[in-house]
Amino acid sequence: MKVPLLNLKAQYEAIKDEIDRAVAEVFVSQQFINGPQVVELEKAVAEYSGCAHGVGVSSGSDALLIALMAEDIGPGDEVITTPYTFFATAGAIARVGAKPVFVDIDPSTFNINPNLIEQAVTESTRAIIPVHLFGQMADMDPIMDLVHSQNQKPKTKNQKPIIVIEDAAQAIGSEYKGRRAGSIGDYGTFSFFPSKNLGGAGDGGLVVCQDAERAERLKILRNHGSKPKYFHKFIGGNFRLDTIQAAVVLAKLRHLDSWTAARQKNAEAYRKLFHECGLAGNGVALPEEREGRHIYNQFVIRTHDRDGLKAHLHANGVGTEVYYPLPLHLQECFAYLGHQRGDFPHAEKAAADSLALPIDPALSEVAIEYVVSTINQKPITSSQQPK
Ligand SMILES: *Cc1c(COP(=O)(O)O)cnc(C)c1O
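Residues numbered from 1 in each chain as written. Predicted model: local features only at pLDDT ≥ 70, side-chain atom pairs only at ≥ 80, totals over all residues. Heavy atoms only, no water.

S.K.: What am I meant to see in the nonpolar core here?
M.R.: Soluble, globular proteins show a tendency: their nonpolar side chains are buried together. Counting residues in hydrophobic clusters, the biggest one holds 48 residues, and the most contacted among them are L41, V45, I80, I117 and M140. Looking at this core, the elements with two or more residues in it are α1 (8–29), α2 (36–48), α5 (140–152), β9 (205–209), α7 (243–253) and α8 (256–276). If you tally residues by element for this core, the top one is α7, at seven residues. Grouped together as the second largest cluster of nonpolar side chains are 27 residues, L64, I93, V96 and A215 included. (Core = buried A, V, L, I, M, F, W, Y, C linked by side-chain atoms within 4.5 Å. Buried < 20%, exposed > 50% of the residue type's maximum accessible area, 1.4 Å probe, protein only. Helix = DSSP H or I, 4+ residues; strand = E, 2+ residues; numbered from the N terminus.)

S.K.: How should I be thinking about unusual backbone geometry in this particular structure?
M.R.: For residues besides glycine, phi is generally negative; the peptide bonds are generally trans as well. In this structure, P228 follows K227 across a cis peptide bond, with omega equal to -10°. With respect to the secondary-structure elements, P228 resides in the loop between α6 (212–221) and α7. A cis amide bond, omega 5°, links Y323 with the succeeding residue Y324. Within the secondary structure layout, Y324 lies in the loop between α9 (306–315) and α10 (345–353).

S.K.: Help me understand the site of the ligand in this model?
M.R.: Looking at the ligand, there are 15 residues lining it, with G60, S61, Q170, S191 and K196 nearest. Between the ligand and S61 there is a distance of 2.5 Å, counted from an oxygen atom to a side-chain nitrogen or oxygen. Protein burial of the ligand: of its 380 Å² of free accessible surface, 93% is covered by the chains. Broken down by secondary-structure element, the contributors of at least two residues to the shell around the ligand are α3 (60–70) and α4 (88–95). Of the residues assigned to the shell around the ligand, the class counts are five nonpolar, eight polar and two charged. (Near = heavy atom within 4 Å. Polar contact = N/O pair within 3.5 Å; in protein donor to acceptor, adjacent residues only side chain to side chain. Areas by Shrake-Rupley, 256 points an atom, 1.4 Å probe, with all protein chains shown as cover. Nonpolar A, V, L, I, M, F, W, Y, C, P; charged D, E, K, R; others polar.)

S.K.: Would you take a moment to explain the pattern of salt bridges for this structure?
M.R.: Side-chain pairing between opposite charges can occur once the charged atoms of the two side chains come close. Counted by the stated rule, this structure contains 19 salt bridges. Here D106 and R290 are joined by a salt bridge, their closest N and O atoms 3.8 Å apart. Linking D106 in the loop between β3 (99–102) and β4 (125–129) with R290 in the loop between α8 and β10 (299–302), this pair joins segments that are 184 residues apart in sequence. Here K378 makes a salt bridge to D305, at a shortest N to O gap of 2.8 Å. Of the two residues, K378 sits in the segment after α11 (365–377) while D305 sits in the loop between β10 and α9, which places them 73 residues apart along the sequence. You can call K378 buried: its relative accessible area is 14%. (Salt bridge = Lys/Arg side-chain N within 4 Å of Asp/Glu carboxyl O.)

S.K.: Please explain the pairing of β4 as it appears in this structure.
M.R.: If a strand is regular, its side chains alternate between the two faces of the sheet. Counting buried positions over the five residues of β4 gives five, a clear majority of the element. By the bridge criterion, two bridges tie β4 to strand β5 (residues 163–167) in an arrangement that is parallel. The partner of I128 across the bridge, within β5, is V164. What joins β4 to β5 is α5, and the crossover it makes is right-handed. (Pairing = 2+ DSSP bridges. Right-handed = clockwise from strand over helix to strand, strands pointing away.)

S.K.: Sorry, what's going on with the domain arrangement of the protein here?
M.R.: When the parts of a complex come together, some accessible area is lost, and that lost area is often used as the size of the interface. Looking at the protein, the domain boundaries give domain 1 (8–253) and domain 2 (256–381). With centres defined by C-alpha atoms, the gap from domain 1 to domain 2 works out at 25 Å. Taken together, the contact pairs 41 residues of domain 1 with 34 residues of domain 2. Summed over the three residues of domain 1 that lose the most area to domain 2, namely Y84, F134 and N197, the buried surface amounts to 21% of that side. For the interface between domain 1 and domain 2, the tally reads 21 residue pairs in polar contact (both at pLDDT 80 or more). Listed by contribution, the elements that provide at least two residues to the side of domain 1 that touches domain 2 are α1, α4, β3 and α7. (Domains from an automatic or database assignment. Contact = heavy atoms within 4.5 Å. Buried area = accessible area lost by both parts, 1.4 Å probe.)

Below you can see the structure in the form of C-alpha cells.
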C-alpha cells in the first residue's frame, strides 16, 4: 500500500471546479496584481483569525521579514525565538541585520519554553517570535505577561518596547484559550506554501495585526515603501501577494474547517491505534495535545532509531518527513553566533528522534491502520524509549 505524506492531488480533485473557476476569473479580469481577491482574502483571513487587519504578502518568510521591517528592527537589535522551527523564522531576523537569540523548547510540545525566555532578555531585545509548531499554539500567556512586565520597566534612552510576532505559518485557525493563532501578539504571520493547511498554488503569505497604523505600514512596505505611487516613504520591497494566489486561497478557505476536522479525526485514529497495539509510550511517544485547538499541520511522533523507522516506512510505501534534522543554532550560516552542540538540548533531541507521519485530510482509516501496523512490524524494544 502507498500512503503519501501529503495528498494534494486528492484535494484538488475534490474541489477542482471551484479552484478552476477562481483562477479563470483572475484571467478574465487580467488584474494579476492587487486584484479584488487580495483584499477579500485579507478581510477573510483577518476575520477567521480574530484580527482587525490582514495584509497579503509574497510568502510566509516575507511575512516575518516585513513585520520586522515595519518595527524598524535591525542591526544592534536582538530577537528571541526557538531553534526548532523552519529556517525562515530565524532567517528573517538575520536578514534585517538583527541577532537571533535562541531559547530552548518544551519537549512535550516542541514549542518555545516560556520559562526560559526571561533569562535571554537584554536591553537590546526588540521582539519575541514564538512559533506555533506543527499546528499547536505556543504557551502564549506567560510570553505576553513577560513582555508586559518587561515593557513596564524603566527604559534606557532609545530603548524601545518589546513586540511579539507569532509565526503562525503552521497554525492557521489553531486556538489557545479561545484565541486564534495570530491574534495575541502584535503581528501574526501565515504562509500559503502548498503543504500548509491552507496552501496556495505556489508561494504566498499574510500578516495579521490589530493595529491600523501597523497594517498601513505593512501595506506601504510591501510595495517598495511607496505612498503615493513613485514617492517612497520607506525602503520596502516587492512583497505583494499575487491575485491568482489570493483567489486560490480564498476558494480553499471555505473548506479549511472541514479539512481541519479530518486532520483531528486522523490524529485521534492514530492515538487509538498506537494505544491498542501497545506502542504508545512504549517505543513511540505521541504528540501531546494541550487544551485548545490543534490543527495538526503535522502529526509528529518521537522514537529511538528514528532514521531506521523512516527507512522501514519508506520501504513499505509510507511517506514521512523529519522536521527538522538540524536545529537552527547548529546551522552553518549561524556559526557566527558561536553556539555548540548541547546549548539547546531539547531542540537537539527533537531533531534526532521526531518523525512526521501522514495526517492528510484525504487519508483513509485503512491507510492509518496500515501506517501503525507497519510501525508495529519493526521491533522497537522498550529500553529504546525516547523519554
Ligand atoms: C513554512 C514556514 C515558514 C515560511 O513560509 P514560506 O511561505 O514557505 O516562506 C515560516 N515559518 C514556519 C514555522 C513555517 O513552517
